[in-house]
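# A look at the structure
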Amino acid sequence: MPVYTLPELPYDYSALAPVISPEIIELHHDKHHAAYVKGANDTLEQLAEARDKGTWGSVNGLEKNLAFHLSGHILHSIYWQNMTGPKDGGGEPLAQDGVGELADAITESFGSFAHFKAQLSKASATTQGSGWGVLAYEPLSGRLIVEQVYDHQGNVGQGATPILVFDAWEHAFYLQYRNQKVDFIEAMWQVVNWQDVARRYEAAKSRADVLLLAP
């Protein structure tokens, strides 16, 4: 039985228009995300076969494939939930919307929402090649940090929990925005689901001693 499964979208293909077209959502979810799920499951089967046979010649490639596909599956699963329709999402997280703790954490960690927005936008738009911009909760400091993720898994601090992710791979925007990645990243702020981000922040913050480091 497959270990990983493709999650259903929490909205229909047209829900994020005009920021993201229905065609992109369909292809992105049904083809690209599905490929990462299949890749992770296939790699687990190949690793099981290697263990059974004791054939370890390809272990480096298999471990790299597992990290790539599994990270792609995880980040995309967060990505879909991080967004909502333009009428309900976007703007700035505010206390009157019930996300005051998240708003305070952003201000404490980055100085202001404007500074945070500028950093995440720049990190997302300037990722070399394919990758992501990620807002993550870092448990050692208890602060929020921005990470620039190459592909799906590179250049990240171990133990940090992603709570808001911007997909900067070309398949996320090219059909609509062509080579204007910066325009796509700017438009993404219109569909951020701050309620979802706040829930992820609270859940990450509640996981005390998650790294189990020695005192």
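Residues numbered from 1 in each chain as written. Predicted model: local features only at pLDDT ≥ 70, side-chain atom pairs only at ≥ 80, totals over all residues. Heavy atoms only, no water.

### Some thoughts on the pairing of strand β3 (residues 161–167)
What counts here: Burial classes follow relative accessibility: with a 1.4 Å probe on protein chains only, a residue under 20% of its type's maximum area counts as buried, one over 50% as exposed, and anything between as partly exposed. Secondary structure counts use DSSP, requiring at least four H or I residues in a row for a helix and at least two E residues in a row for a strand, with both numbered from the N terminus. Paired strands are those between which DSSP finds at least two bridges.
With 6 of 7 residues buried, β3 lies mostly within the body of the structure. Pairing analysis gives 6 bridges linking strand β1 (residues 131–138) to β3, with the strands arranged antiparallel. Note on β3: the bridge partner recorded for valine 134 is valine 165.

### Observations regarding the domain arrangement of the chain
The condition that has to hold: Marked domain ranges trace back to an automatic or database domain assignment. Here a residue-residue contact requires only that any non-hydrogen atoms of the pair lie within 4.5 Å. The buried area of a pairing is the accessible area, by a 1.4 Å probe, that goes missing from both parts when the two are put together, added over both. The rule for a salt bridge is simple: a side-chain nitrogen of Lys or Arg has to be within 4 Å of a carboxyl oxygen of Asp or Glu. Counted as a polar contact is a pair of N or O atoms within 3.5 Å, where, for protein atoms, one must be capable of donating a hydrogen and the other of accepting one, and residues adjacent in sequence contribute only when both atoms are in side chains.
We note that the domain assignment places domain 1 (22–82) and domain 2 (95–209) within the chain. The straight-line distance from the C-alpha centre of domain 1 to that of domain 2 is 22 Å. Taken together, the 18 residues of domain 1 in the interface contact 23 residues of domain 2. For the pair domain 1 and domain 2, the summed buried surface comes to about 1700 Å²; carbon and sulfur atoms form 65% of the total. On inspection of domain 1 and its partner domain 2, the count reaches 0 salt bridges. Run the count over domain 1 and domain 2 and you get 9 residue pairs in polar contact (both at pLDDT 80 or more). Of all the secondary-structure elements, those providing two or more residues to the side of domain 1 that touches domain 2 are α1 (22–53) and α2 (59–81). Per-element accounting of the side of domain 1 that touches domain 2 gives the leading share, 11 residues, to α2.

### A short note on unusual backbone geometry
Note the cis peptide between alanine 17 and proline 18, where omega equals 5°. Note that proline 18 resides in the segment before α1. A positive phi angle, near 55°, is found at aspartate 151, a position not held by glycine. Inspection of the secondary structure puts aspartate 151 in the loop between β2 (143–150) and β3. Relative accessible area serves as the criterion here: at 34%, aspartate 151 is assigned to the partly exposed category. Notably, arginine 178 is not glycine yet its phi reads approximately 55°, a positive angle. Tracing the sequence through the fold places arginine 178 in the loop between α5 (174–177) and α6 (181–188). In this structure arginine 178 comes out as partly exposed when scored by relative accessible area, which is 48%.

### What about the side chain of threonine 127?
Along the polypeptide, threonine 127 turns up in the loop between α4 (113–125) and β1. Residue class for threonine 127 comes out buried when judged on its relative accessible area of 4%. Polar side-chain contacts of threonine 127 include one of 3.5 Å to the backbone oxygen of serine 124. In this structure threonine 127 touches Trp132, Gln148, Val149, Tyr150 and Lys181, once residues within four positions along its chain are discounted.

### Some words on the packing of aromatic side chains
Note the threshold: Note on aromatic contacts: the rings of Phe and Tyr and the six-membered ring of Trp form a pair at centre separations within 6.5 Å, being stacked when their planes are under 30 degrees apart, edge-to-face when over 60 apart, and tilted otherwise.
For the structure on display, the rule yields 15 aromatic pairs. On the numbers, 6.0 Å between centres and 75° between planes, the contact of tyrosine 137 with tyrosine 201 is edge-to-face. Of the two residues, tyrosine 137 is situated in strand β1 and tyrosine 201 in helix α7 (residues 194–205); the sequence distance between them amounts to 64 residues. Feature note: the residues Phe110, Phe113, Phe116, Phe166, Trp189 and Trp194 constitute an aromatic cluster, connected by ring pairs.

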